[in-house]
Amino acid sequence: MTTNKKEIPEELLTMRETALYLRCGISKVQQLISNGTLPSAKLRGSRLVRKSAIEELIASLETEKVIQNSAQELLEKLAGNNKEN
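In what follows, the accompanying structure is described. Small disclaimer: the values here were computed from a predicted structure and weren't measured.

**So, the side chain of threonine 18**
Alright, step 1. As for its placement among the helices and strands, threonine 18 is situated in helix α1 (residues 15-22).
Alright, step 2. Judged by relative accessible area, threonine 18 falls into the buried class, the value being 0%.
Alright, step 3. Aside from chain neighbours lying at most four places away, what touches threonine 18 is Leu13, Val29, Leu38, Val49 and Ile54.

Structure representation (structure tokens):
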């Protein structure tokens, strides 16, 4: 039975492909997987990562950065208000 690639709902990436997608080294991908930041599965000796998991990781990092920037802006505003008083 042949499987049409269009029937596969999600793209699975190898470690190397994941590193290329994230523009980092394989050791960084291994670190993300080992600390639980990036979920993966082992199939027939190959470690695979869902592309959607990578996109979720990137989105969470972007959200984290927005929160950090917002917190920094708030602290700066509070510091400015304290100087005025």
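On we go from here.
**Some words on the pattern of salt bridges**
Should their charged atoms come close, side chains of opposite charge can pair.
Alright, step 1. Applying the stated criterion across every chain yields a total of one salt bridge.
Alright, step 2. Residues lysine 51 and glutamate 11 are paired through a salt bridge, measuring 3.8 Å at the closest nitrogen-oxygen approach. Of this pair, lysine 51 sits in helix α3 (residues 51-84) while glutamate 11 sits in the segment before β1 (12-14), and the two are 40 residues apart along the sequence.
Alright, step 3. Classification of lysine 51 by relative accessible area gives partly exposed; the value is 25%.
Alright, step 4. Given a relative accessible area of 43%, glutamate 11 falls into the partly exposed group.

**A word on the nonpolar core**
Alright, step 1. Counting residues in hydrophobic clusters, the biggest one holds eleven residues: Leu13, Met15, Ala19, Val29, Leu32, Ile33, Leu38, Val49, Ala53, Ile54 and Leu57.
Alright, step 2. The set of elements that each furnish at least two residues to this core consists of α1, α2 (26-34) and α3.

**Points about α1**
Alright, step 1. Along α1, the residues that are buried comprise Met15, Thr18 and Ala19. One side of α1 carries all its buried residues, which in axial view fall inside an arc of 100°. Looking at α1, the residues exposed on the side facing more than 90 degrees away from the buried face are Arg16 and Leu20.
Alright, step 2. After α1 finishes, the residue arginine 23 shows a positive phi value of roughly 55°.

**What to know about the pairing of strand β3 (residues 46-50)**
Alright, step 1. In this sheet, β3 lies alongside β1 in antiparallel orientation, the contact comprising three bridges. Across the sheet, threonine 14 pairs through a bridge with leucine 48, a residue of β3.
Alright, step 2. Both strand β2 (residues 41-43) and β3 contribute to a ladder of three bridges, which runs antiparallel. What sits directly across from leucine 43, in β3, is serine 46.

**Describing the sheet that holds β2**
The strands making up a sheet associate through hydrogen bonds between their backbones, and the pairing can be parallel or antiparallel.
Alright, step 1. One open sheet accounts for three strands, arranged β1-β3-β2; its pairing is antiparallel. Where the open sheet ends on each side, the last strands, each with one partner, are β1 and β2. Direction aside, the axes of adjacent strands within the sheet are offset by 45° on average.
Alright, step 2. Packed on one face of the sheet, α1 meets β1 and β3 and runs near 95° to β1.

Calculation criteria
Residues numbered from 1 in each chain as written. Predicted model: local features only at pLDDT ≥ 70, side-chain atom pairs only at ≥ 80, totals over all residues. Heavy atoms only, no water. Helix = DSSP H or I, 4+ residues; strand = E, 2+ residues; numbered from the N terminus. Buried < 20%, exposed > 50% of the residue type's maximum accessible area, 1.4 Å probe, protein only. Contact = heavy atoms within 4.5 Å. Salt bridge = Lys/Arg side-chain N within 4 Å of Asp/Glu carboxyl O. Core = buried A, V, L, I, M, F, W, Y, C linked by side-chain atoms within 4.5 Å. Arc of directions from axis to C-beta. Pairing = 2+ DSSP bridges. Axes fitted to C-alpha atoms, helices over the stretch in contact; angles between N-to-C directions.

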